[in-house]
Amino acid sequence: MLSQQILNGLVTGSVYALFSLGFTLIFGVQKLLNFAHGATFMAGAFIAYYCTISGLPFLLAIGFSMVATGVIAILVDLIAFRSLRKRGNAEFPALVSSIGVDLILVSIAQQVSKTQVLNFPFGTFPVKFYTFMGLRISLLQLVILATVAVLVALLIFYLKKTTFGRQVRAVATNERAAALLGVNAQSVYLQTFFIAGALAGLAGVLIGLLFNSMQFLMGEPYMLRAFVVVVIGGLGSVPGAIVASLMLGVMQSLTVAYLPSGLTDAIIFALLFVVLLIRPNGLFGDANAVAGGTRQ
Amino acid sequence: MKFLKLSMSATAFAAAMAASTSAMAEEYKMVILQSLTGGAAFIGKNVADGAAMAADELNANGFFGEGNSLVYEVADDATDRTQTLSLITRLAADEDVLIVMGPTSGSVALAGANVANEREFPVITTTNSMEVIENGPWSFILTQPADVTIPYIADFTAQTLGAKNCAIIGVKDNEAYVALQRKYEDLIQAQGVNLASVDGVALADSDFSALATKIATSEQDCVFIGTPAAQGANLVIQLRQAGLDPSIPILGHNAFASPTFIEKGGAAVENVYLMGAWVPGGYDDFSSAFSTNFEAKTGIPADEWHAVGYSGMQVIANAIKDAVAAGAVTREGVRDALGTQTDIPVVMGEGTYSYDEHRVPHFGMKVLQVKDGAFAVVGE
């Protein structure tokens, strides 16, 4: 059972990674906690669901959902963050503002879904299981692991090896200096939000598929865990978010399997406190870590 | 000209008569206070929808007599104690409000009961918690406590299925569900069934992969799931996917008695046992008509909580009508009438709803099984 549980945890953790990367990216670039990220995740699942039941091919529905959640995230930036950012000292007001956006999106989703739990129609994704060295793994789990691995690799490449990535790191390090060098910070913010939203949307679809359940509050537990991931991984650290997500997924599986029921969250948050005591900046973070750069 | 004058006189007379009739018409005001948002919205929203439909039907059928009507407002307790206390305090100050149907569940309902008893204001909460009744004479419960319902499925587990070692999965963050689960555990243990494992999930959880693997690779001869219908269906699917032996019976309580359970679970929930006060689709003329009308009105099939709301409103309406007949259309009159309601036709259980001398509701249960994609009463 141990290896099966570790596999289960890695699959769940990989989706946490997708969710948390967007969250940590926004924090890394803007130093803002985007509480609407959970609602964007939920919106991704809902949009893909309604596209699918409207007859759109599933792959197109996923693509549309990612674009739509990217746009939603941009709107979040324009509505909830941009004006506050201009004023400076935006951390706390932006936090409250993003909570407001989250509540609005959740309320809309509740109305649209009539408070019902939604699930993709049977047959949306082939239900196939393989047994390998005693491990039972589904085709969906394999696809999720592969998809997340490819997307994470692409994101890292994008941030480290492209002009946009250098601009992101420049803005994250020092917005004013980047602007003096000709970087359009507003454009960087918008692109960052789009990527974060699209990743959250995809994570929502994958979770909806994997666990056969989507409801208007589905973002809340993931939001809470994303906090743990970014703190343990190191605020703003992309590699940290990935490692912490996988750790969290595996730990969650193992605590459910081997410890008394109900201890999972207590253990996860106890780990958070231990990490904070030993490494206050997280496993991969330093005091100035920002999305692959170092804030000056 | 003469014709015009005659017409005007007739119109004036008709208007005067209408005004006179409306002056005599009585309006009985109540508030449906349920969790329309927050964690218990899956219960409260459905209860509110069922209750509102019942009130509309009763008014349309002239239940309170010609021209009289039940006037209701729908309010949201938001699954939040502070909001609930604030709302009940405000409603208690409005002398026209005779009774509140709500709050929905758990600590929110208990908090609501506290303030209702302080203000001598009748509330009928959706919860099945006996603590609400014990809180004082002004607070009632709408659903049957675990002592009344769980024996139906516990006896079935131990006596009919002959289970010896049962894995339990419950909801850990909703008091009503926890109470049902614990009662089930106590009752089957008292009949010699061992608890192979006891696990809790949160209402918002959907990832049960680790739990499903744990149970599928453990030894037990039955699995009891005490969660809402959609979540339960999801759990059953994940248990099957994790490789749970198909010959091991899976059981659930009354929350599974919802079309949602079959719709979400598909083939995976085939053969699952459950108990239900509500038989989806209905089982007699009254409940079948409710099922048909509800789906026609809302576009979604009625589930247990819709039926609870619909039935609860029948009970409240009868209590108000009795208070009117007794010449006591006051909060106290409605409270006294509510506690003495017996054999009120409802769409749940055995078809009639009664409060006993301790104000505990009774309407019965049935053991059901999913067969060929539908609910079938076991033994019929």
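Everything quoted here is computed from the prediction, not taken from an experiment.

(A) Fine view of the UniProt feature "transmembrane region" (unreviewed entry) in chain A. Following the UniProt record, the feature "transmembrane region" (unreviewed entry) maps to residues 6–27, 56–80, 133–159, 188–211, 223–249 and 256–278 of chain A here. Note that residues 188–211 of chain A is 100% helix and 0% strand, and that its end C-alpha atoms are spaced 34 Å apart.

(B) View of helix H9 (residues 229–241) of chain B. Residues and elements named next belong to chain B. Helix length check: H9 (13 residues) gives 18 Å between terminal C-alpha atoms against 18 Å at 1.5 Å per residue, within 8%. For H9, the full list of buried residues reads Ala 229, Ala 230, Gln 231, Gly 232, Ala 233, Asn 234, Leu 235, Val 236, Ile 237, Gln 238 and Leu 239. After H9 finishes, the residue Gly 243 shows a positive phi value of roughly 100 degrees.

(C) Highlighting the pattern of salt bridges. All names here are of chain B. Applying the stated criterion to the full structure yields ten salt bridges over all chains. The salt bridge partner of Asp 147 is Lys 183, with a shortest N-O separation of 2.8 Å. Placement of Asp 147 in helix H6 (residues 146–160) and of Lys 183 in helix H7 (residues 175–190) is noted, with a sequence separation of 36 residues between them. Owing to a relative accessible area of 23%, Lys 183 belongs among the partly exposed residues under this scheme. Note that Glu 263 and Lys 264 form a salt bridge whose closest N and O atoms lie 3.8 Å from each other. A relative accessible area of 6% means that Lys 264 is categorised as buried. Counted as one network, the salt bridges with shared partners bring together Lys 29, Glu 73 and Asp 94.

(D) Representation of a nonpolar patch on the surface in the model. All names here are of chain A. There is a patch of nonpolar side chains on the surface, built from Met 1, Leu 2, Ile 6, Leu 10, Leu 246, Tyr 258, Leu 259 and Leu 263 and spanning about 610 Å² of accessible area. Only helix H1 (2–30) and helix H10 (238–258) provide two or more residues apiece to the nonpolar patch. At three residues, H1 tops the list of elements feeding residues into the nonpolar patch. Looking at the element boundaries, Leu 246 is found in helix H10.

(E) A look at the interface of chain B and chain A. With 38 residues of chain B at the interface, the matching set in chain A holds 31 residues. Summed over both sides, the interface between chain B and chain A buries roughly 2600 Å², with carbon and sulfur atoms accounting for 53% of that surface. Summed over the shared surface of chain B and chain A, the number is zero salt bridges. Our count for the chain B to chain A interface comes out at ten residue pairs in polar contact (both at pLDDT 80 or more). Secondary structure elements with two or more residues in the side of chain B that touches chain A: helix H2 (41–60), strand E7 (194–201), helix H8 (209–216), H9 and helix H10 (259–265) of chain B. Top element by residues in the side of chain B that touches chain A is H9(B). It accounts for six residues. Residues that form the side of chain B that touches chain A fall into these classes: 13 nonpolar, 17 polar and eight charged.

(F) Region of the structure containing the state of the cysteines. All names here are of chain B. Summed over all chains, the structure comprises one disulfide over all chains. Linked covalently through their sulfurs, Cys 166 and Cys 222 form a disulfide whose S-S length is 1.9 Å. The sign of the S-S torsion, about -110 degrees, decides the handedness of the disulfide formed by Cys 166 and Cys 222: left-handed. Taken together, the positions of Cys 166 in strand E6 (residues 165–171) and Cys 222 in strand E8 (residues 222–226) put the pair 56 residues apart, joining distant regions of the chain. A relative accessible area of 0% places Cys 222 in the buried class.

(G) Layout of the side chain of Arg335(B). All names here are of chain B. Note that Arg 335 resides in helix H13 (residues 331–339). Accessibility expressed as a relative area gives 15% for Arg 335, which makes it buried. Those residues within four positions of Arg 335 in sequence are excluded, and the remaining contacts are Pro 122, Pro 137, Trp 138 and Phe 140.

(H) Region of the structure containing the pairing of E8(B). Residues and elements named next belong to chain B. Burial analysis of E8 places five of its five residues in the buried class, which makes it a mostly covered element. The side-chain alternation of E8 yields two buried faces, one formed by Cys 222, Phe 224 and Gly 226 and the other by Val 223 and Ile 225. Taken together, the three bridges between E8 and strand E9 (residues 250–252) define a ladder with parallel strand orientation. Counted as the bridge partner of Phe 224 is Leu 251 from E9. This β-α-β element, E8 to H9 to E9, shows right-handed connectivity.

The rules we used
Residues numbered from 1 in each chain as written. Chains lettered and ligands numbered in written order. Predicted model: local features only at pLDDT ≥ 70, side-chain atom pairs only at ≥ 80, totals over all residues. Heavy atoms only, no water. UniProt positions renumbered as here; feature names shortened; annotations may be inferred. Helix = DSSP H or I, 4+ residues; strand = E, 2+ residues; numbered from the N terminus. Expected span 1.5 Å × (residues − 1). Buried < 20%, exposed > 50% of the residue type's maximum accessible area, 1.4 Å probe, protein only. Salt bridge = Lys/Arg side-chain N within 4 Å of Asp/Glu carboxyl O. Patch = residues over 30% accessible without salt bridge, like charges linked within 9 Å, V, L, I, M, F, W, Y side chains within 5 Å. Areas by Shrake-Rupley, 256 points an atom, 1.4 Å probe, with all protein chains shown as cover. Contact = heavy atoms within 4.5 Å. Buried area = accessible area lost by both parts, 1.4 Å probe. Polar contact = N/O pair within 3.5 Å; in protein donor to acceptor, adjacent residues only side chain to side chain. Nonpolar A, V, L, I, M, F, W, Y, C, P; charged D, E, K, R; others polar. Disulfide = S-S within 2.5 Å. Pairing = 2+ DSSP bridges. Right-handed = clockwise from strand over helix to strand, strands pointing away.

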